[in-house]
Amino acid sequence: MAFHWLDDSLSARAEQGLLRQRHCQQYEKDSIICINGEHYLNFSSNDYLGMRQHGGVLQSWVEGLAQFGGGSGASPLVTGHTQAHLALEAYIADGLNREAALLFNSGFAANQALCMALFPHMSHPNKSASAGHIIADKLMHASFLEGAQCVSDSAKLRRFKHNDLSHLESMLSNVCHSQLSAAVGNSDVNQQDILIASEGVFSMDGDVAPCEGIAELAAKYNAWFMLDDAHGMGILGENGFGTAEALNLNQQQAPIVMGTFGKAVGTAGAFIAGSQTLIDYLVNFSKHYVYSTAMPPAQAVATLYSLTHIASDTARRETLHTNIAYFRESFQKRFGQTLNTSEKGDASIEITLGQSQSAIQPIIVGSPERAVALSEGLKQRGIWATAIRQPTVPKNQDRLRITLTSNHSSQDIDVLLDALELSLNNLPLSETSEKRGSESAMCSSGSVSKQEM
């Protein structure tokens, strides 16, 4: 029977405590989420500024619907590119001080489109005979790594240690040395394509990349620096244009900036910004753009409103940064940076709060079973905080990914910490007890896992 291994793959993932499942949300309002008829304080949303339900964003979407209808009706190169898309692209390009920008339906699509367009198959008529190189941070998002792996016949993927500039330079030096050795007498040695990729704010750890140092190395080794700023866009910078604005990285320093709208901006979709040549090239050679229906124009109208509001009103960003500081200070006063739990002769478990200063606050517990157990404990106390497990994060880095928003109050954060303390006190310490508890939950609920990651 074809694909007979599907059931086996699901069973194996379930036995490892890694099976993903979806949860149907009935509604969410002011950080309260309703799932299966139960209400929770939501600490798992990427809606960092609460713009998803901002009245102006909703009204702009309604006005966009009235003008353009429910969808775009076609791909951008047919009739799907409207003045709403054009206005949004122009605003992004101007805000990032880039020559042009291009819209995509998701950050996943944008990252894959970039890799596949910049490193086309070797038979591409305008592609030189030599393969290129992609050098990405070890913790780069799966969308980019998947795209890089898809072009392995045209570009060799290397991954440098997370935020390690020395390791990155070592890789760049080796790549360039190999070029020189293989191209004696070849005047085109400097034409080798090297793309360095990193995130501005990392999605699981919440820490920031040494972008200025990466840009310097890119210039030194004649490479391009691609910045994935999905979690910095809307938050960082004087006007909310993210890491590039905050660090004043110009187009030469960071030739490619990718950002998304589905997080702090509160809508959906993504963009790539860079030179006019880059954008014109993507319009012609990016299959994800050419052959995909354009995002709904009403969505572009709402997105533009959200971006302009974020730029003009800093109150939400200020509240978010206040909440981040309050959470970290309160956590450390109550637990310390690292908490060691122990119980009646059992070995202690080390639970660590990550070093993040962003809205993403990882509480690392070190095993998928403990992550699920802690998440379940919080759920029983009215807190929704998703367990993130391997392979989304590295092995033994399983965690709760707490996300803070401007909609949270200090009282909300206090309730989270109270629930966390109670849940930690009841957290199984031995793998045996965890597995036994997991099996018991499976028998009573009829499902393998209640967490989605």
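Note that the structure is a prediction, hence the values are computed from the model and not measured.

1. Side note on the environment of Ile 32
Working step 1: Its place among the elements puts Ile 32 in strand β2 (residues 32-35).
Working step 2: Among the residues examined, Ile 32 registers a relative accessible area of 29% and is labelled partly exposed.
Working step 3: Separated by 375 residues in the primary sequence, Ile 32 and Asn 407 place their C-alpha atoms 9.9 Å from one another.
Working step 4: Contact partners of Ile 32, with chain neighbours within four places excluded, come to Tyr 27, His 39, Tyr 40 and Leu 41.

2. Thoughts on the pattern of salt bridges
Working step 1: This structure, assessed with the given rule, holds 7 salt bridges.
Working step 2: A salt bridge links Arg 52 to Asp 47; the shortest N-O distance between them is 3.8 Å.
Working step 3: Residue classification places Arg 52 among the partly exposed residues on the basis of a relative accessible area of 34%.
Working step 4: On the basis of relative accessible area, Asp 47 is assigned to the buried category, the value being 10%.
Working step 5: Of the charged contacts, one joins Asp 205 and Arg 399 as a salt bridge, the two residues approaching to 3.3 Å between their closest N and O atoms. Highlighted residues: Asp 205 in the loop between β7 (194-199) and α8 (211-220) and Arg 399 in strand β16 (residues 399-403), separated in sequence by 194 residues.
Working step 6: With relative accessibility at 19%, the residue Asp 205 sits in the buried group.
Working step 7: By relative accessible area, which is 1% here, Arg 399 ends up buried.

3. Description of the sheet that holds strand β10 (residues 270-274)
Working step 1: The sheet built from 7 strands is open, its strands ordered β4-β10-β9-β8-β7-β5-β6 with mixed pairing. Each end of this open sheet is capped by a strand with a single partner; those strands are β4 (100-104) and β6 (155-160). Put simply, the sheet's adjacent strands are angled 20° from each other on average, direction ignored.
Working step 2: As defined by bridge partners, β4 adjoins β10 across 5 bridges and the pair is classed as antiparallel. What sits directly across from Phe 104, in β10, is Ala 270.
Working step 3: Sitting on the sheet, helix α4 (residues 83-95) is in contact with β4 and β10, with an inclination near 130° to β4.

Cut-offs and rules
- Residues numbered from 1 in each chain as written.
- Predicted model: local features only at pLDDT ≥ 70, side-chain atom pairs only at ≥ 80, totals over all residues.
- Heavy atoms only, no water.
- Helix = DSSP H or I, 4+ residues; strand = E, 2+ residues; numbered from the N terminus.
- Buried < 20%, exposed > 50% of the residue type's maximum accessible area, 1.4 Å probe, protein only.
- Contact = heavy atoms within 4.5 Å.
- Salt bridge = Lys/Arg side-chain N within 4 Å of Asp/Glu carboxyl O.
- Pairing = 2+ DSSP bridges.
- Axes fitted to C-alpha atoms, helices over the stretch in contact; angles between N-to-C directions.

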